[in-house]
Amino acid sequence: MESAIILLILVVILAFALKETIRHFKGQGACCGGGSGSRESKIPKKKLSGTVIGKKTVRIEGMHCENCVKSVTKAINQLEGASAKVSLKEKKAVVSYDRPLDNEKLKKAVENAGFKVVSIEA
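As annotated in an unreviewed UniProt entry, the protein carries the name Heavy-metal-associated domain-containing protein and comes from Candidatus Choladousia intestinavium.

The following block contains the structure:
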């Protein structure tokens, strides 16, 4: 009888852990220090001072939640002349720029934020 109770408790704990793991990888849970995981928190936006001369699409691995999106957005927006719109669902950032933007600097900014750049397309 005691082992049945212990087994039942373990099954319940595993069920909750599995549920949260699934939410995490769908980008719905709080991870990476993101707090409640709510989508209501503001993603920083940056307005470029000049006319947009081009856009680049950066494919990114390692984003799991809106806090990850904020981290990538902030990292790219810190580059002079670059403004990012990051999509968790599509695992990419569309970067608008108003002056020449070096791919290596862009890659380094994303990777320094803790994510992997898969590709950069002009």
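Novice: Mind showing me how you'd approach the nonpolar core here?
Specialist: Nonpolar side chains tend toward joint burial in soluble globular proteins. In this structure, Ile60, Met63, Ile76 and Val95 are the most contacted members of the largest nonpolar core, which totals 22 residues. For this core, the secondary structure elements donating two or more residues are β1 (54–61), α2 (66–77), β2 (82–87), β3 (92–97) and α3 (103–112). Setting aside residues up to four positions removed in sequence, Val95 forms contacts with Gly54, Lys55, Lys56, Val58, Ile76, Ala82, Ser83, Ala84, Leu101 and Leu106.

Novice: Mind showing me how you'd approach the sheet that holds β3 here?
Specialist: Backbone-to-backbone hydrogen bonds join strands into a sheet, with any given pair of strands oriented parallel or antiparallel. Strands sit in the order β2-β3-β1-β4 across an open sheet of 4 strands; the sheet is antiparallel. Each of the sheet's edge strands pairs with one partner strand only, and the pair in question is β2 and β4 (116–121). Put simply, the sheet's adjacent strands are angled 25° from each other on average, direction ignored. Bridge count for β1 against β3 is 6 bridges, and the pairing is antiparallel. Of the residues in β3, the one forming a bridge with Val58 is Ala93. On the sheet, α2 packs against β1, β2 and β3 and is oriented at approximately 165° with respect to β2. Against the sheet, α3 engages β1, β3 and β4, with an angle of about 150° to β4.

The rules behind these values
- Within each chain, residues carry numbers counting from 1 in the order of the written sequence.
- Note on the predicted model: pLDDT of at least 70 is required for a residue's local features to be given, and 80 or more for side-chain atom pairs to be given and counted; whole-chain, interface and lining totals, by contrast, use all residues.
- Only hydrogens and water are set aside; all other atoms, that is, all heavy atoms of the structure, feed into the side-chain values.
- Definition used in this section: a nonpolar core is a set of buried Ala, Val, Leu, Ile, Met, Phe, Trp, Tyr and Cys residues joined via side-chain atoms within 4.5 Å.
- Residue exposure (1.4 Å probe, protein chains only): buried if accessible area is under 20% of the type maximum, exposed if over 50%, otherwise partly exposed.
- Where helices and strands are cited, they refer to DSSP runs of H or I of at least four residues and of E of at least two residues respectively, numbered from the N terminus.
- Whether two residues are in contact is decided by their heavy atoms: any pair within 4.5 Å suffices.
- Strands are labelled as partners when DSSP assigns at least two bridges between them.
- Between the N-to-C directions of two axes lies an angle of 0 to 180 degrees, each axis being a line fitted to C-alpha atoms and, for a helix, fitted only over the stretch in contact.

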